[in-house]
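# Tertiary structure, described
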Amino acid sequence: MIPAQFDYVAPTSVADALAALAEAGDDAKVLAGGQSLLPILRMRLNAPEKIIDLGRIEELRGIREDGDSIVIGAMTTYADVLASDLVRENAGVLHDAVTEVADPQIRHRGTIGGALVHADPAGDVGAPILALDAVLTVTGPSSERTVPAAEFFKDLFETAVGDGELLTSIRIPKHAGWGSRYEKFVRVAHQWSIVAVAATVRVEGDTIAEAAIALTNMGSTPLRATAVEESLVGKPATDDAVREACAAAADGTNPPSDLNGDSDYRKHLATVLTRRAVLAAAGK
Amino acid sequence: MTRINVKVDGVDYTDEVEPRMLLVHYLRETLGKTGTVVGCDTSNCGACTVHLDGRSVKSCNVLAVQADGHEVTTIEGIATDGELHPMQQAFHDCHALQCGYCTPGMIMQSIDVLNDNPNPTEDEIRVGLEGNLCRCTGYHNIVRAVQQAAGSGNGSSAGATATADAGEKAGAQS
Ligand SMILES: Cc1cc2nc3c(=O)[nH]c(=O)nc-3n(C[C@H](O)[C@H](O)[C@H](O)COP(=O)(O)OP(=O)(O)OC[C@H]3O[C@@H](n4cnc5c(N)ncnc54)[C@H](O)[C@@H]3O)c2cc1C
Ligand code: FES
Ligand code: FES
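Per-chain numbering applies: the sequence of each chain, read as written, is numbered from 1 onward. Whichever chain is written first becomes A and whichever ligand is written first becomes 1, with later ones labelled in order. The predicted origin of the model limits local features to residues at a pLDDT of at least 70 and limits the giving and counting of side-chain atom pairs to 80 or more, whereas totals for whole chains, interfaces and linings rest on all residues. Based on all heavy atoms of the structure, the side-chain values leave hydrogens and waters out of the count.

Looking at an unreviewed UniProt entry, one finds chain B named (2Fe-2S)-binding protein, with Knoellia koreensis as its source organism. UniProt positions are given in the numbering used here, feature names are shortened, and annotations may be inferred rather than shown by experiment. Under the heading Pathway (unreviewed entry), UniProt records this for chain B: "Alkaloid degradation; nicotine degradation."

As recorded by an unreviewed UniProt entry, chain A carries the name Xanthine dehydrogenase family protein subunit M and is attributed to Knoellia koreensis.

What follows is the structure, given as structure tokens:
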């Protein structure tokens with residue numbers, strides 16, 4: 001199928017994109033990599049009158065170091081995130097998750113910003129961004145604000161980015177020396193996560209000194225497994241200790257039931273995948 | 001209508017297109033390059049894979065206007081002077097197709113896999129072709145073809161062994 005007709009602009013700066021967005025109002029949609037939006041337009045699930053293509057805005061691309069953080073432009077593609085040593089060294093669990101997104105063709109086009117604003121609960125980048133305590137920069141016509149990842153995801157397909165605003169960058173505190181693992185459970189290749197777990201831990205000697213864990217597709221937004229994190233800290237990185245702590249992985253979650261599995265099945269999966277992810281992140 | 005300048009298979013084109021036109025339709029209907037095919041409505045199958053500035057993309061999931069100022073290579077642009085591209089030759093030699101519908105996309109993605117990693121393992125080939133579906137072959141000969149092309153590119157032995165039971169990952173695609 002082909003999309004309904006729309007007007008098209010491709011501004012070259014954030015300021016011009018915001019102006020175009022303000023002018024078009026509710027009838028406009030921003031186009032990033034198009035890997036979620038174009039299928040939606042083709043199936044006519046949405047028919048905006050105007051498309052504002054961010055693809056020509058160089059200032060939104062790239063990954064840089066800034067003191068204790070790395071900063072990723074919203075229009076940086078998955079492929080560029082994967083190729084980045086800065087990401088691999090300082091945000092290993094994001095690197096791990098991006099290897100699991102879709103396929104190479106989609107990773108060449110899809111962007112980290114587009115994925116985060118799309119906010120599909122089964123999407124793979126929300127959980128690592130949450131686990132890494134990232135801070136997102138949201139830019140509007142007259143001001144810029146920063147939103148911690150914990151406050152960014154509001155509901156299914158809904159984020160803190162309001163009408164007339166753009167997600168412009170993602171700031172991630174460096175997690176150098178932390179081990180990581182993104183454990184994604186699917187039945188066939190090239191599938192969205194049934195459940196996935198982003199785990200990153202810092203081990204001192206044989207003891208887990210810090211742990212950050214977030215869950216994909218265990219509710220309408222990515223969720224932090226706070227109870228597991230708390231009980232892991234100070235424990236030895238052994239199979240028994242980790243198994244015990246990870247039994248709490250599904251606490252407070254409300255996962256969906258669908259053809260891939262019901263809610264209880266997902267809750268069980270979450271405990272198993274969290275244990276695997278934590279042990280792997282701890283190098284076991 | 002929006003004016004675009006695109007280089008396709010080495011030739012510069014300037015055209016007026018509707019912004020909603022998909023790149024795959026521009027290639028097929030405006031330029032007549034019907035070698036690139038459409039196999040699905042969901043961007044799952046990979047049959048429409050082309051290279052945009054040297055990297056593989058699904059041309060059903062790119063607007064023609066997004067290709068403005070860029071360079072596209074299709075299955076029709078990879079043979080030189082009547083000589084098949086080594087990947088085309090390998091698909092031919094290894095009988096890596098039956099109906100052939102997935103083949104243009106498979107070949108373009110296979111070339112991308114080797115551009116990224118000239119010496120992939122069998123698993124890396126299967127994961128690299130994760131976004132390309134074949135309903136006929138069971139993938140084994142496709143993987144063998146990529147191994148042969150990798151061999152002919154770097155001098156190691158052609159047609160390296162593809163074990164019959166290692167096909168679970170790509171073979172299990174939806
Ligand atoms: C076959 C297939 C398989 C897939 N499998 C997976 C998978 O396994 N895991 C996974 O995580 N994802 C998967 N995806 C989705 C993919 O990750 C998308 O690329 C991603 O969700 C969207 O990023 P994009 O840059 O393409 O955004 P677009 O599709 O261009 O935009 C998505 C939405 O975000 C808005 N938007 C984009 N950028 C901004 C911005 N900077 N500011 C404000 N709003 C913005 C757009 O208006 C739109 O509503 C798959 C997609 C396909 C087609
Ligand atoms: S036609 Fe493009 S992926 Fe199927
Ligand atoms: S050869 Fe028929 S779909 Fe692949």
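## Observations concerning the overall build of chain A
Here a helix means four or more residues in a row that DSSP labels H or I, a strand means two or more in a row labelled E, and each is numbered from the N terminus. Per the secondary structure count, chain A includes 12 helices and 14 strands. Atoms considered for the radius of gyration are the C-alpha atoms alone. The globule rule reads 2.2 Å times the number of residues to the power 0.38. Relative to a compact globule of 284 residues, whose C-alpha radius of gyration would be 19 Å, chain A shows 19 Å and is just as compact. Its C-alpha atoms give chain A principal-axis dimensions of about 60 × 45 × 30 Å. Accessibility here uses a 1.4 Å probe with only protein chains present; expressed as a share of the type maximum, an area under 20% marks a residue as buried, one over 50% as exposed, and anything in between as partly exposed. Burial status across chain A gives 56% buried among its 284 residues.

## Re the environment of Lys 267 of chain A
Residues and elements named next belong to chain A. If you trace the backbone, Lys 267 turns up in helix H12 (residues 263–281). The sequence separation of Lys 267 and Pro 256 amounts to 11 residues, and the corresponding C-alpha distance is 9.8 Å. We call two residues in contact whenever any of their non-hydrogen atoms come within 4.5 Å of each other. Excluding its chain neighbours within four sequence positions, the residues that come into contact with Lys 267 are Met 218, Ala 250, Thr 253 and Pro 255.

## Re the nonpolar core
We call a set of buried Ala, Val, Leu, Ile, Met, Phe, Trp, Tyr and Cys residues a nonpolar core when their side-chain atoms join them within 4.5 Å. Leu 94, Leu 116, Ile 129, Phe 152, Leu 167, Ile 170 and Ile 172 of chain A are the most contacted members of the largest nonpolar core, which has 40 residues in total. Listed in part, the 29 residues of the second largest apolar core include Ile 78, Leu 129, Cys 134 and Val 146 of chain B.

## Section: the interface of chain B and chain A
Contacts between chain B and chain A engage 36 residues on the former and 28 residues on the latter. Across the chain B to chain A interface the summed buried area is about 2,700 Å²; carbon plus sulfur atoms make up 53%. It is Arg 20, Asn 61 and Gln 66 of chain B that lose the most area in chain B upon contact with chain A, and together they represent 26% of the buried surface on that side. Notably, a salt bridge pairs Asp 103 of chain A with Lys 58 of chain B, separated by 2.7 Å at the nearest N-O pair. When contributions to the side of chain B that touches chain A are tallied by element, the ones reaching two or more residues are strand E3 (49–52), strand E4 (55–58), helix H3 (103–116) and helix H4 (122–128) of chain B. If you tally residues by element for the side of chain B that touches chain A, the top one is E4 of chain B, at 4 residues. Buried area counts how much accessible surface, traced with a 1.4 Å probe, disappears from two parts once they are put together, with both parts' losses summed. Definition used for salt bridges: Asp or Glu carboxyl oxygen within 4 Å of a side-chain nitrogen of Lys or Arg.

## Digging into the pattern of salt bridges
Residues and elements named next belong to chain A. Overall, the coordinates contain 19 salt bridges over all chains when judged by the stated rule. The closest approach of N and O atoms between Glu 165 and Arg 145, which form a salt bridge, is 2.7 Å. You can see Glu 165 sitting in the loop between strand E9 (158–159) and strand E10 (166–173) and its partner Arg 145 sitting in strand E7 (residues 144–148), a full 20 residues away along the chain. Among the residues examined, Arg 145 registers a relative accessible area of 34% and is labelled partly exposed.

## Focus: the sheet that holds E10 of chain A
All names here are of chain A. Spatial ordering of the open sheet is given by E4-E5-E10-E6-E7, a layout of 5 strands whose pairing is antiparallel. For this open sheet the edge positions go to strand E4 (63–66) and E7, each flanked by a neighbour on one side alone. Across the sheet, the mean angle separating the axes of adjacent strands is 25 degrees when strand polarity is ignored. Only when DSSP finds a minimum of two bridges between them are two strands counted as paired. Pairing analysis gives 4 bridges linking E4 to strand E5 (residues 69–73), with the strands arranged antiparallel. Within E5, the residue paired with Ile 63 across the bridge is Ile 72. Helix H1 (residues 14–24) rests against strand E6 (135–139) and E10 of the sheet, and its axis sits at about 135 degrees to E10. Here, axes are lines fitted to C-alpha atoms. For helices the fit covers the stretch in contact, and angles between N-to-C directions go from 0 to 180 degrees.

## Considerations on the packing of aromatic side chains
All names here are of chain A. Under the pairing criterion, centres of Phe, Tyr and Trp rings, with the six-membered ring standing for Trp, must be within 6.5 Å; the plane angle then separates stacked pairs below 30 degrees from edge-to-face pairs above 60, leaving the rest tilted. In this structure the tally under the stated criterion is 1 aromatic pair over all chains. With a centroid separation of 5.2 Å and 90 degrees between ring planes, the pair formed by Phe 152 and Phe 153 is classed as edge-to-face. Judged by its relative accessible area of 0%, Phe 152 falls in the buried class.

## A closer look at the sheet that holds strand E2 (residues 28–31) of chain A
Residue and element names in this part refer to chain A. A sheet is described by the order of its strands in space; here 3 strands give the open sequence E1-E3-E2, paired in parallel fashion. The sheet terminates laterally at strand E1 (7–9) and E2, the two strands that pair on one side only. Pairwise comparison of adjacent strand axes, ignoring direction, gives a mean angle of 25 degrees for this sheet. In this structure, E2 lies alongside strand E3 (residues 50–53), joined through 4 bridges in parallel fashion. Residue pairing for E3: Lys 29 is matched across the bridge by Ile 51. Packed onto the sheet, H1 meets E1, E2 and E3 and runs at close to 170 degrees relative to E3.

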